[in-house]
Amino acid sequence: MSLKVTIETEYKNALKSKDKIKISTYRLILSSIKDLDITNRSGPNKKETDDEDIKKLLKKMMKQRTESIDIYKKNNRSDLLEIEQNEFNILSSFLPKQLNDEDTKKICEETISKLGASSIKDMGKVMGELKKKHADEIDFSKAGALLKQLLNK
């Protein structure tokens, strides 16, 4: 079952259970997917929207929520913080589980040693390899900081 169909099913379930937070979040996701469909159909590179496109969209939406959560924490806006946190949790439920910091560090170290990377100049090569093999599992903002730390030794 495609990711879009799964989200639509969850949306219908949320409508039946009258869960306002889930309903609004699913509407937001489905609206964004529809925009993505329109963008993919128009323009020079016409293509169907696939699960990878939807995953990228969800990651982008999660990043926006993360930034909002940080701002709301700094400004003590617990009312808005709770809404953003709920949306973040719903969005993340459709993506593969992200690796924790310890596992991410282990994979980064293995990739560095496998490629023989020795300085910060090799960071692009290491990031490329990580994206090829672990695109859905790693938070690349954390991985980037970790790689800088590991390659600067």
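For the structure, check the block above.
Conventions adopted
What you see as residue numbers is a count from 1 along each chain, following the sequence as written. In keeping with the predicted nature of the model, local features appear solely for residues at pLDDT of at least 70, side-chain atom pairs appear and are counted solely at 80 or more, and the whole-chain, interface and lining totals rest on all residues. For the side-chain quantities, the full set of heavy atoms in the structure was used; hydrogens and water were omitted. In this description a helix means any DSSP run of H or I spanning at least four residues, a strand means any run of E spanning at least two, and both kinds are numbered starting from the N terminus. Note on classification: 1.4 Å probe, protein chains only; a residue is buried when its accessible area is under 20% of the maximum for its type, exposed when over 50%, partly exposed between these limits. Here, two residues are considered to be in contact whenever any of their heavy atoms come within 4.5 Å of each other. In this description, accessible areas are obtained by the Shrake-Rupley approach with a 1.4 Å probe, and a residue is regarded as covered only by the protein chains that are shown. None of His or the chain ends enter the tally, which takes Lys and Arg as positive and Asp and Glu as negative. Charge positions are represented by NZ for Lys, CZ for Arg, CG for Asp and CD for Glu. What we call a nonpolar core is a set of buried Ala, Val, Leu, Ile, Met, Phe, Trp, Tyr and Cys residues that are connected through their side-chain atoms within 4.5 Å. Axes, fitted as lines to C-alpha atoms, cover a helix only where it is in contact. Angles between the N-to-C directions of the axes lie from 0 to 180 degrees. An angle counts as roughly parallel when it lies under 35 degrees, as roughly antiparallel when it exceeds 145, as roughly perpendicular when it falls between 65 and 115, and as oblique in every other case. Crossing handedness is read from the near helix: turned anticlockwise from the far helix by less than a right angle, it gives a left-handed crossing, and turned clockwise, a right-handed one. Each polar contact in these results corresponds to two N or O atoms within 3.5 Å; when the atoms are within protein, one needs to be able to donate a hydrogen and the other to accept it, and residues that are neighboring in sequence are counted only if both atoms are side-chain atoms. Only the six-membered ring of Trp is used, alongside the rings of Phe and Tyr, when aromatic pairs are assigned; centres must lie within 6.5 Å, and planes under 30 degrees apart are stacked while those over 60 apart are edge-to-face, with the rest tilted.

Caption draft 1: A look at the overall build of the protein. The number of helices and strands found in the protein is seven helices and zero strands. Along its sequence from the N terminus, the protein presents helices and strands in the succession α-α-α-α-α-α-α. For the C-alpha atoms alone, the extent of the protein along its principal axes is close to 55 × 45 × 25 Å. Per-residue burial for the protein yields a buried fraction of 35% across its 153 residues. Expressed as a percentage of contacts within the protein between residues at least 6 apart in sequence, the contacts between residues at least 24 apart total 57%. When the accessible surface of the protein is totalled, it reaches about 10,200 Å², and 52% of it is carbon and sulfur. Charged side chains in the protein number 32 positive and 26 negative. The centres of these two groups are separated by 2 Å.

Caption draft 2: View of the nonpolar core. One finds I7, Y26, I29, L58 and F94 to be the most contacted residues of the largest nonpolar core, which totals 19 residues. When contributions to this core are tallied by element, the ones reaching two or more residues are α1 (3-17), α2 (20-41), α3 (51-74) and α4 (78-92). Among the elements that line this core, the one with the most residues is α2, at six residues. Look past the residues within four positions of Y26 in its chain and what remains in contact with it is I7, E10, Y11, A14, I90 and F94. Among the nonpolar cores identified, the runner-up in size contains 15 residues, and C108, M127, L146 and L150 belong to it.

Caption draft 3: Molecular detail of the packing of α2 against α4. Following both chains from N to C, one finds α2 and α4 inclined at 60°, their axes separated by 10 Å at the closest point. Regarding the angle of α2 to α4, the classification is oblique. Of the two possible hands of crossing, α2 and α4 adopt the one that is right-handed. From α2, I21, K22, T25, Y26, L28 and I29 reach across to α4, where they touch N86, E87, I90 and L91.

Caption draft 4: Spotlight on the side chain of T111. Along the chain, the position of T111 falls in helix α5 (residues 101-115). On the basis of relative accessibility, which here comes to 9%, the residue T111 falls in the buried class. Here the side chain of T111 touches I107 through a polar contact of 2.8 Å, landing on its backbone oxygen. If sequence neighbours within four positions are ignored, T111 has contacts with V126, E129 and L130.

Caption draft 5: Region of the structure containing the packing of aromatic side chains. By the definition in use, this model includes one aromatic pair. Relative to F94, the ring of Y26 lies with its centre 5.9 Å away and its plane at 70°, an arrangement referred to as edge-to-face. Linking Y26 in helix α2 with F94 in the loop between α4 and α5, this pair joins segments that are 68 residues apart in sequence. Side by side, Y26 and F94 carry an identical accessibility label, which is buried.

Caption draft 6: How the structure looks around the environment of H134. Take H134: it is sitting in helix α6 (residues 123-134). Residue H134 is classed as buried on the basis of its relative accessible area of 18%. Setting aside residues no more than four positions away along its own chain, H134 makes contact with I107 and F140.

Caption draft 7: Highlighting the environment of L80. Positionally, L80 belongs in helix α4. L80 sits twelve residues away from S68 along the chain, and the two C-alpha atoms are 8.9 Å apart.

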